[in-house]
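# Reading the structure
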Amino acid sequence: MLNVPSQSFPAPGSQQRVASGGRSKVPLKPGRSLMDWIRLTKSGKDLTGLKGRLIDVTEEELKKHNKKDDCWICIRGFVYNVSPYMEYHPGGEDELMRAAGSDGTDLFDQVHRWVNYESMLKECLVGRMAVKPTLSKDYHEEKKVLNGMLPKSQVTDILAKEGPSSPSYDWFQTESLVTIVIYTKQKDINVDSVIVDHQDDSFRAETIIKDYSYLIHLGLSHEIQEDFSVRVVENVGKIEIVLKKKENTSWKCLGHPLENHNSFIPKKDTGLYCRKCQLISKEDVTHDTKLFCLMLPPSTHLQVPIGQHVYLKLTITGTEIVKPYTPVSDSLLSEFQEPVISNNKYIYFLIKIYPAGLFTPELDHLQIGDYVSISSPEGNFKRSQIQKLEDLFLLAAGTGFTPMVKILTFALTNIPSLRKVKLMFFNKTEDDIIWRSQLEKLTFKDERFDIEFVLSAPTSEWNGKQGHISPALLSEFLKRSSHKSKVLICICGPTPFTEEGIRLLHDLNFSKDEIHSFTA
């Protein structure tokens, strides 16, 4: 089928490539912002060149459209004319051209998996790829079939052979309860490995197993009450979801299968699934950063694992916009009075408001009681990275502090081997420091924790450290508790900060396994 370009994406020399795996933006011309693009898509202008027709695109036809002024790209079986979007693309024209005239699904997923391209490019839709009538039975040939066009059952069968053993499920009932049991066949499963949503007639339970997703998706045969419980037997990897019947009648079957039911595929191949959450409160933390509290629906079980993020989705002038944010606790100190994995329905976010931005002003304008859509968790941080850890170093700049909040408190409350946790927190001024008083109180509460503030534009009264991330600052800060202590360094902040930090850490002879960078 399609010959997917073999080069890396973004290209090694491009402006989008960064050492940490994140990406940089390319300066756009005036009048080429996201809002300008949204206006263009709503102008009625023919952006496909096909005058509203949708066509079946053959592989041969797709290959012909590989120039900047005539560029078609296939994403998950759908073909888009991205030529009009070239000048609006934050990553630059060259990055789009990497996939010109070909299937760009894998390239897209490496950098933009969270982007709602269906909404962004809906006016650029040319049509679907024409599927060849037969598929080769050879495994390697099957892998070349267009992303998203291989029948799901075959995707599941093929990928399950590459990853963990495929899970299974069963169910049983009493007069008032229905229990769904998922057998994961893994021992490293915990309560935040499973996400359950019951909306209208749809019951959805997704279990994350290593880097794979196992989905139960059913239209239940009878009505159930809003509240349910989730229990995990960790040593055997068994998950029990207990539903309460609305009526005490016997169910002849659990329900009928819905889209992707009983599938087991790599997490990266799943789409973003969102549920609407209600804004409960927002309060000022600094002059430009606020703490937002959102409440999950009553029929949702979702606990974001430490070090992972979710996407918030808003519809702005008719277009769905999504942005990644890492949940935090409502307070640094509250984690010491309650379990780290709490069973409440609230999710908190520390979000900096950019007055000239598109997304955060809209978020800030929401009223208490309004709704925001939240995705299921994403991210590659694993709890195992901090198990048996002795030294934990955290390097954060600005709101890059957010992933550190739960890692910091989890480590102090759950890792017996931990000897010290140190946070170096970079900001511009004292007024920019998030939760300064809480951080300082935590140093008195736990002698293993220490904090150093570094300011790049302090007032003359500032007596602390000054400047930007540098070899001198890091070499003094990153001192192991013993010569061979097990160490992890987490870093998060603006892309230039993260890039430079990783380079300096390698120069200081820290290994790749001892460094974890968080990038949006």
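Just so you know, the residues in each chain are numbered from 1, in the order the chain's sequence is written. Confidence filtering applies because this is a predicted model: local features only for residues at pLDDT of at least 70, side-chain atom pairs given and counted only at 80 or more, and all residues used for totals across whole chains, interfaces and linings. For side-chain calculations, the full set of non-hydrogen atoms in the structure is used, while hydrogens and water are omitted.

An unreviewed UniProt entry lists the protein chain under the name Cytochrome b5 reductase 4, from Trichechus manatus latirostris. UniProt positions are given in the numbering used here, feature names are shortened, and annotations may be inferred rather than shown by experiment. UniProt annotates the protein chain under Sequence similarities (unreviewed entry) with the comment "Belongs to the flavoprotein pyridine nucleotide cytochrome reductase family."

Within the protein chain, the regular secondary structure consists of 12 helices and 28 strands. Throughout, a residue-residue contact means that at least one pair of heavy atoms, one from each residue, lies within 4.5 Å. The contacts of the protein chain with a sequence gap of at least 6 include a subset with a gap of at least 24, amounting to 72%. Summed over all atoms, the accessible surface of the protein chain reaches about 24,900 Å², with 49% contributed by carbon and sulfur. By definition, any uninterrupted DSSP run of H or I lasting at least four residues is a helix, any uninterrupted run of E lasting at least two residues is a strand, and each is numbered from the N terminus. For every accessible area listed, the method is Shrake-Rupley and the probe measures 1.4 Å; residues are considered covered only by the protein chains on display.

This part is about the nonpolar core. For this analysis, a nonpolar core means a set of buried residues of the types Ala, Val, Leu, Ile, Met, Phe, Trp, Tyr and Cys, connected via side-chain atoms within 4.5 Å. Only protein chains enter the accessibility calculation, which uses a 1.4 Å probe; a residue whose area is less than 20% of its type maximum is buried, one above 50% is exposed, and one in between is partly exposed. If you look at the biggest cluster of nonpolar residues, it comprises 44 residues, and the most contacted ones within it are Trp37, Leu121, Leu312, Phe349 and Leu363. Considering every element that reaches this core, the biggest residue donor is strand 19 (residues 310–316), with four residues. An automatic or database domain assignment supplies the start and end points of every domain. For this core, the domains that each give at least three residues are domain 1 (34–129) and domain 3 (274–378). Here Trp37 is in contact with Leu47, Pro84, Tyr85, Tyr88, Met120, Leu121 and Cys124, once residues within four sequence places are set aside. Counting residues in each nonpolar core, the second largest holds 41 residues, with Ile306, Val328, Phe381 and Leu392 among its members.

Once that is clear, we can look at helix 1 (residues 34–41). Three or more residues of helix 1 are buried, namely Asp36, Trp37, Ile38, Leu40 and Thr41. Buried residues along helix 1 sit in contact with helix 5 (117–120), strand 19 and strand 20 (319–325).

The periodicity of an α-helix, 3.6 residues per turn, causes residues three or four places apart in sequence to face the same way. Helix length check: helix 12 (residues 495–507), at 13 residues, gives a terminal C-alpha distance of 18 Å against a target of 18 Å (1.5 Å per residue), a fit within 8%. For helix 12, the complete set of buried residues consists of Phe497, Thr498, Gly501, Ile502, Leu504 and Leu505. Buried positions in helix 12, seen along its axis, are confined to an arc of 165 degrees and lie on one side of it. Helix 12 presents Pro496 and Asp507 as exposed residues on the side facing more than 90 degrees away from its buried surface. Buried residues along helix 12 sit against strand 23 (391–397), strand 24 (420–427), helix 11 (471–477), strand 27 (487–492) and strand 28 (515–518). Following helix 12 by one or two positions, Asn509 adopts a phi angle in the positive range, close to 70 degrees. A helix is expected to span 1.5 Å multiplied by its residue count minus one. Think of it as the arc spanned by the lines of direction from the helix axis to the C-beta atoms.

Another point: the environment of Asp432. Of note, Asp432 is situated in the loop between strand 24 and helix 10 (436–445). Sequence separation of Asp432 and Thr399 is 33 residues, and the distance between their C-alpha atoms is 9.5 Å. Those residues in contact with Asp432 that lie beyond four places of it in its chain are Thr286, His287 and Asn427.

Salt bridges are defined as contacts in which a side-chain nitrogen from Lys or Arg sits within 4 Å of a carboxyl oxygen from Asp or Glu. Following the criterion strictly, the structure yields 30 salt bridges and no others. Salt-bridge contacts for Lys64 lead to Glu61; the nearest nitrogen and oxygen are separated by 3.5 Å. Highlighted residues: Lys64 and Glu61, both in helix 2 (residues 59–64), separated by three residues, approximately one helical turn. Look at Lys64 and you get exposed, because its relative accessible area is 54%. Residues Glu240 and Lys238 are paired through a salt bridge, measuring 3.3 Å at the closest nitrogen-oxygen approach. Look at Lys238 and you get partly exposed, because its relative accessible area is 25%. Residues joined by salt bridges that share partners form a network here, namely Lys282, Asp284, Lys290 and Asp364.

The buried fraction of strand 27 is high, at six of six residues. Burial along strand 27 is two-sided: the face carrying Val487, Ile489 and Ile491 and the face carrying Leu488, Cys490 and Cys492 are both buried. In this scheme, strands are said to pair when DSSP sees at least two bridges between them. As judged from the six bridges shared by strand 23 and strand 27, these two strands associate in the parallel manner. From the neighbouring strand, Asp391 faces strand 27, where its bridge partner is Val487. Of the strand pairs in this sheet, strand 27 and strand 28 are connected by four bridges, and their pairing is parallel. Bridge pairing in strand 28 links Ile491 to Ser517. Every crossover in which the path from the first strand over the helix to the second runs clockwise, viewed with the strands pointing away from the viewer, is termed right-handed. Crossover handedness for the path strand 27 to helix 12 to strand 28: right-handed.

Next up on the list: unusual backbone geometry. The phi angle of most residues is negative, glycine excepted, and most peptide bonds adopt the trans form. Phi is positive for Lys185, which is not a glycine, with a value near 65 degrees. A positive phi angle, near 60 degrees, is found at Lys388, a position not held by glycine. Along the polypeptide, Lys388 turns up in the loop between strand 22 (371–375) and strand 23. Note on Lys388: relative accessible area 66%, which makes it exposed.

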